[in-house]
Amino acid sequence: MTAKSTKPTVKATKAVATTKKLTSSARTKAASETQHHPLAHLIPNQVRYDQYSGRKIGGVSDLEVLQQAFDGRHNVAIYGPTGCAKTTLVYALGYLLGLPVFSMPCNGAADPSFIFGGYQPNADGTFTLRPGPGYYIAKYGGIWLLDEFNFLPPRIGAVMHGCLDSRRMMVIPEFAGATDLDAMGNPIESIFKLHPKCMFVATWNPGYAGTYAMNAAMLNRFGHKFRFDYMRSVENELCESGHLLDMADALRKAVNAGTLRTPISTNSLMEFEEFAKNETLGIGYASENFLNMFSEDERKTVSEVLANYIDKITVDLMSDEEYSVLNDGPDDDDFDDDDDDEEDN
C-alpha cells in the first residue's frame, strides 16, 4: 500500500492577532449598561466582531485607537477604497463597547424625518412626535456611522455641524415646543448636549463620482483620521488561498497602472472563496461571478490574470481528502482485494 500524497502548504499565512480584546466580564458590563437603550437591537453581536481582522496604525491597534477616541469624545474619519473593512471596524467597536451602531447612508435619498424623527399621524387624526435613530444615538449614546460621508446632502450636514464640532450640541428646530415623550418616557428636546457616550465615525471612498470634495474645515472636525487600504496581512487572516491573494495583488497593480478601474475589494475575495467552496456553486461559478464585477472592456485583462492562477487557487481551496483523491486515485488495497478475488475463483 502506497502512502497518500500530502497537500502542499499553499494557504495564506495567518498573522498573529494583535488587537487587544475586552475581557468577557468587561464586555458583559458594557452590554448591561445599554440593554434598555431604545436602539438596543442595533448593538452588534459577536459575529460582527469575529469578522474583523485588526491592523496597526502608527504601531497601535486600530480598535485601541478607536477606544481612545471614544474616551476622549473625538470624531473619527476613516477613508479608503471600497471593501477594505472600514464599516466592519466600526461594528467591531460597537460590539466591544456594547453600544448600538446607527449606520446613516449619506446619499441623496437620506431623509431627515427618518434620521431625526418627525410627527406621525394617529388613528384618531392627531399627530405624535416620534424621534428617529439619530435622536436616540445623540440623546442616549451610541455610535453614529456616517457612511459615504462625502455624499452627505447639505440639508443634513447643516444639522450635523453642531454635533461634529466642539459644542457637541444637537439642534432640531422642528422639535421646538414639543410636548410628547420619547421611548424612554422623557420629554423630547429640540436642543440638547450630546450624550457622553455618543461617538461619530465618518467613512468614505475618496474620489468617487458624484461625491463632494472634503474641505479642510469639515475634515478638521475629526480628531482621528485613518487612511485604510487593502492589506495583505489583514487578508491573510480572512482568506484561505495565498494564490487568490497573489492574483488580487496582480490585479491591483493593473488598477494602479490605469489598465483596470474596478477596485479589488477584500469582500470580493472572501466571497470568491465562499462560493468556490460551496458544493452547489463551485469554482466555476465563483470565477464567473468574480468576472461579472468588471466592465466589458476590463474582462479580457481580468480573464487572462485569472487563468494564470485558477488551478493553484483550486488546489488551495481543496480539502486534504479532495487533494489526496485527485493526486493518488484509489488505494492499492482496492487492487489487492480484486487480485485476491480472482485467485479464489
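Residues numbered from 1 in each chain as written. Predicted model: local features only at pLDDT ≥ 70, side-chain atom pairs only at ≥ 80, totals over all residues. Heavy atoms only, no water.

### Considering helix α10 (residues 242-257)
The periodicity of an α-helix, 3.6 residues per turn, causes residues three or four places apart in sequence to face the same way.
(1) Moving on: A rise of 1.5 Å per residue sets the reference length of α10, with its 16 residues, at 22 Å; its end C-alpha atoms lie 23 Å apart and thus fit the reference within 8%.
(2) Moving on: Turning to α10, its buried residues number three or more, namely Gly242, His243, Leu244, Leu245, Met247, Ala248, Leu251, Arg252 and Ala254.
(3) Moving on: Summarising the contacts, the buried residues of α10 are in contact with α9 (232-238), α11 (266-276), α12 (282-291) and α13 (296-316).
(4) Moving on: The N-cap residue of α10 is serine 241: its side-chain oxygen and the backbone nitrogen of histidine 243 are 3.4 Å apart. (Helix = DSSP H or I, 4+ residues; strand = E, 2+ residues; numbered from the N terminus. Expected span 1.5 Å × (residues − 1). Buried < 20%, exposed > 50% of the residue type's maximum accessible area, 1.4 Å probe, protein only. Contact = heavy atoms within 4.5 Å. Polar contact = N/O pair within 3.5 Å; in protein donor to acceptor, adjacent residues only side chain to side chain.)

### What about the sheet that holds strand β4 (residues 101-105)?
(1) Moving on: Read from one edge of the open sheet, five strands run β4-β7-β10-β3-β11, paired in parallel fashion. Every interior strand has two partners, whereas the edge strands, β4 and β11 (224-227), have only one. Across the sheet, the axes of successive neighbouring strands diverge by a mean angle of 20°, strand direction being ignored.
(2) Moving on: In the packing of helix α4 (residues 86-97) onto the sheet, contacts are made with β3 (76-79), β4, β7 (142-147), β10 (198-204) and β11, and the angle to β7 comes to roughly 175°.
(3) Moving on: Contacts between helix α6 (residues 133-140) and the sheet are confined to β4, β7 and β10, with β7 contributing the most and set at about 135° to the helix. (Pairing = 2+ DSSP bridges. Axes fitted to C-alpha atoms, helices over the stretch in contact; angles between N-to-C directions.)

### Details of α6
(1) Moving on: Of all eight residues making up α6, eight are buried, and the element is well covered by its neighbours.
(2) Moving on: Those residues of α6 that sit buried are Pro133, Gly134, Tyr135, Tyr136, Ile137, Ala138, Lys139 and Tyr140.
(3) Moving on: Just downstream of α6 lies glycine 141, where phi reads positive at about 95°.

### Let's talk about the environment of glutamate 304
(1) Moving on: The topology assignment puts glutamate 304 in helix α13.
(2) Moving on: Within polar-contact distance, the side chain of glutamate 304 engages the side chain of lysine 300 at 2.6 Å.

### Observations concerning a negative patch on the surface
(1) Moving on: A cluster of acidic side chains, namely Glu279, Asp320, Glu321 and Glu322, defines a negative patch on the protein surface.
(2) Moving on: Summarising the element assignment, glutamate 322 is placed in helix α14 (residues 320-328). (Patch = residues over 30% accessible without salt bridge, like charges linked within 9 Å, V, L, I, M, F, W, Y side chains within 5 Å. Areas by Shrake-Rupley, 256 points an atom, 1.4 Å probe, with all protein chains shown as cover. Salt bridge = Lys/Arg side-chain N within 4 Å of Asp/Glu carboxyl O. Lys, Arg positive; Asp, Glu negative; His and termini not counted. Charge placed at Lys NZ, Arg CZ, Asp CG, Glu CD.)

### Quick look at the pattern of salt bridges
(1) Moving on: Within this structure, the stated rule accounts for 10 salt bridges.
(2) Moving on: The partner of arginine 252 in a salt bridge is glutamate 235, and the shortest N-O contact between them spans 2.7 Å. Placement of the pair is arginine 252 in helix α10 and glutamate 235 in helix α9, with a sequence separation of 17 residues. Here the two residues arginine 252 and glutamate 235 agree in accessibility, since each one is buried.
(3) Moving on: When the shortest N-O distance is used, the salt bridge between glutamate 288 and arginine 299 registers 3.4 Å. Of this pair, glutamate 288 sits in helix α12 while arginine 299 sits in helix α13, and the two are 11 residues apart along the sequence.
(4) Moving on: Owing to a relative accessible area of 37%, glutamate 288 belongs among the partly exposed residues under this scheme.
(5) Moving on: The structure contains a network of salt bridges with shared partners spanning Asp165, Arg167 and Arg221.

### Notes on the nonpolar core
(1) Moving on: The biggest cluster of nonpolar side chains holds 35 residues, and the ones touching the most others in it are Met104, Trp144, Leu146, Phe149, Met170 and Phe200.
(2) Moving on: Those elements that place two or more of their residues in this core are β4, α5 (112-116), α6, β7, α7 (154-164) and β10.
(3) Moving on: The element that contributes the greatest number of residues to this core is α6, accounting for five residues.
(4) Moving on: Apart from the residues lying within four places of it in its own chain, the contact partners of phenylalanine 200 are Asn75, Val76, Trp144, Leu146, Met160, Cys163, Leu164 and Leu194.
(5) Moving on: By size, the runner-up hydrophobic cluster in this structure holds 28 residues, among which are Leu63, Phe70, Tyr95 and Phe228. (Core = buried A, V, L, I, M, F, W, Y, C linked by side-chain atoms within 4.5 Å.)

### Quick look at unusual backbone geometry
(1) Moving on: Here alanine 85, not a glycine, exhibits a phi torsion of approximately 80°, which is positive.
(2) Moving on: Here alanine 85 shows up in the loop between β3 and α4.
(3) Moving on: Positive phi is not limited to glycine here, since glutamate 148 has a value of about 55°.
(4) Moving on: If you trace the backbone, glutamate 148 turns up in the loop between β7 and α7.
(5) Moving on: Overall, the relative accessible area of 29% leaves glutamate 148 in the partly exposed class.

### Notes on the packing of α10 against α11
(1) Moving on: Across the interface, α10 lies against α11 with an axial gap of 11 Å and an inter-helix angle of 145°. Relative to α11, α10 is oriented so that their crossing is right-handed. Between α10, through Leu244, Leu245, Ala248 and Arg252, and α11, the contact on the second element is made entirely by Thr266, Leu269, Phe272 and Glu273.
(2) Moving on: Within the contact of α10 with α11, the residues separate by chemical class into five nonpolar, one polar and two charged. (Left-handed = near helix turned anticlockwise from the far one by under 90°. Nonpolar A, V, L, I, M, F, W, Y, C, P; charged D, E, K, R; others polar.)

### Considerations on the packing of α10 against α13
(1) Moving on: Put simply, α10 and α13 touch, their axes get as near as 8 Å, and they point 165° apart. Between α10 and α13, the interaxial angle falls into the category roughly antiparallel. With respect to the hand of their crossing, α10 and α13 are arranged in right-handed fashion. In this structure, α10 contributes Gly242, His243, Leu244, Asp246, Met247, Ala250 and Leu251 to the contact, and α13 contributes Val302, Val305, Leu306, Tyr309, Lys312, Ile313 and Asp316.
(2) Moving on: In the contact of α10 with α13, the residues fall into nine nonpolar, two polar and three charged. (Parallel < 35°, antiparallel > 145°, perpendicular 65-115°, else oblique.)

### Comments concerning the packing of aromatic side chains
In this description, a pair of aromatic rings is defined by centroid distance and the angle of the planes.
(1) Moving on: Enumeration over the complete set of coordinates arrives at 16 aromatic pairs.
(2) Moving on: Here the aromatic rings of phenylalanine 149 and phenylalanine 222 are separated by 5.5 Å at their centres, their planes lie at 75°, and the arrangement is edge-to-face. Here the residue phenylalanine 149 occupies a position in the loop between β7 and α7, and phenylalanine 222 occupies one in the loop between α8 (216-219) and β11, the gap between them amounting to 73 residues.
(3) Moving on: Residue classification places phenylalanine 222 among the buried positions, given a relative accessible area of 0%.
(4) Moving on: Summarising the aromatic geometry, the rings of phenylalanine 290 and phenylalanine 294 are spaced 5.5 Å apart at their centres and angled 65° between planes, so their arrangement reads as edge-to-face.
(5) Moving on: You can call phenylalanine 290 buried: its relative accessible area is 4%.
(6) Moving on: Residue phenylalanine 294 is classed as buried on the basis of its relative accessible area, which comes to 6%. (Phe/Tyr/Trp six-rings, centres within 6.5 Å; stacked < 30°, edge-to-face > 60°.)

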